Amino acid sequence: MKHISIEGMDGVGKSTTCQLLAEKLGYKFVEKPLHYLFDKSEDDFTEYLRIRDHVNANPNRVFTSMFYGLGSVYMYELFKNDNIITDRHFASNYAWSGSYDNDEVYDLLIQKLGKPELTVILYSPSKVIVERLKNRNKEDSDIKKAQKSEMIYSRMIDFCEKKNLPYIVINTSNLKPNEVVDVILKELKLSA
């Protein structure tokens with residue numbers, strides 16, 4: 001199993017990049033892995049989203065980190081015979097849920113699952129992200145989150161550095177999705 005993780009804020013182009021990259025490499029695109037456990041079909045995210053929102057409302061970051069960690073464990077079991085590209089993984093989990101109190105959760109996950117072949121952090125300044133989200137939906141709840149994007153990106157990069165994960169950061173502000181994919185493919189060739 002090979003795994004490439006695409007990380008970043010909503011509105012930065014993760015899903016489009018994942019889909020295009022998966023198509024180019026012949027990998028399976030996986031998002032919200034626990035939805036395969038909770039929902040009735042591959043296209044239905046209803047139960048997963050309901051449970052996720054309940055989990056995210058809990059202030060206990062050990063609990064939230066373990067919930068998303070369970071998603072990683074389940075995903076690795078479910079797709080153990082596939083090469084996968086994921087919309088988020090360890091770096092996003094840590095950026096939103098990581099703390100001094102739960103660092104060992106991430107150490108255990110890395111010990112048991114290993115590291116992705118490459119973690120790609122898609123970056124855009126918060127102003128660009130907010131505009132993209134507003135263009136999608138002026139009432140998008142992620143607009144508030146986007147205003148914290150610099151802190152979240154810093155936490156993702158710190159996590160990759162601290163845990164020694166192979167990673168790159170790509171500024172998507174002025175790149176088309178196929179150009180982002182070309183940068184990733186070039187990086188994969190260089191690291192092979």
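For clarity, every value in this text was computed on a predicted model and none was experimentally measured. (Residues numbered from 1 in each chain as written. Predicted model: local features only at pLDDT ≥ 70, side-chain atom pairs only at ≥ 80, totals over all residues. Heavy atoms only, no water.)

Focus on the overall build of the chain
In terms of regular secondary structure, the chain is built from 10 helices and five strands. The C-alpha atoms of the chain give 16 Å as radius of gyration, which agrees with the globular expectation for 192 residues (16 Å, within 12%). The C-alpha extent of the chain, read off along each of the three principal axes, is 40 × 35 × 35 Å. Counting the 192 residues in the chain, one finds 43% classified as buried. For the chain, the accessible area works out to roughly 10,500 Å², and carbon and sulfur atoms hold 50% of it. Each charge class in the chain was averaged separately, 27 positive and 28 negative side chains, and the resulting centres sit 2 Å apart. (Helix = DSSP H or I, 4+ residues; strand = E, 2+ residues; numbered from the N terminus. Rg over C-alpha atoms; globule rule 2.2 N^0.38 Å. Buried < 20%, exposed > 50% of the residue type's maximum accessible area, 1.4 Å probe, protein only. Areas by Shrake-Rupley, 256 points an atom, 1.4 Å probe, with all protein chains shown as cover. Lys, Arg positive; Asp, Glu negative; His and termini not counted. Charge placed at Lys NZ, Arg CZ, Asp CG, Glu CD.)

Some remarks on the pattern of salt bridges
This structure, assessed with the given rule, holds 11 salt bridges. The closest approach of N and O atoms between Glu-42 and Lys-28, which form a salt bridge, is 3.6 Å. Of this pair, Glu-42 sits in the loop between helix H2 (35–38) and helix H3 (46–56) while Lys-28 is found in strand E2 (residues 28–31), placing the two residues 14 residues apart along the sequence. A relative accessible area of 48% means that Glu-42 is categorised as partly exposed. Salt bridges here are not isolated pairs; linked through shared partners, they connect Asp-10, Lys-14, Asp-87 and Arg-88. (Salt bridge = Lys/Arg side-chain N within 4 Å of Asp/Glu carboxyl O.)

Everything listed here is a matter of geometry and, on its own, says nothing about what the molecule does.
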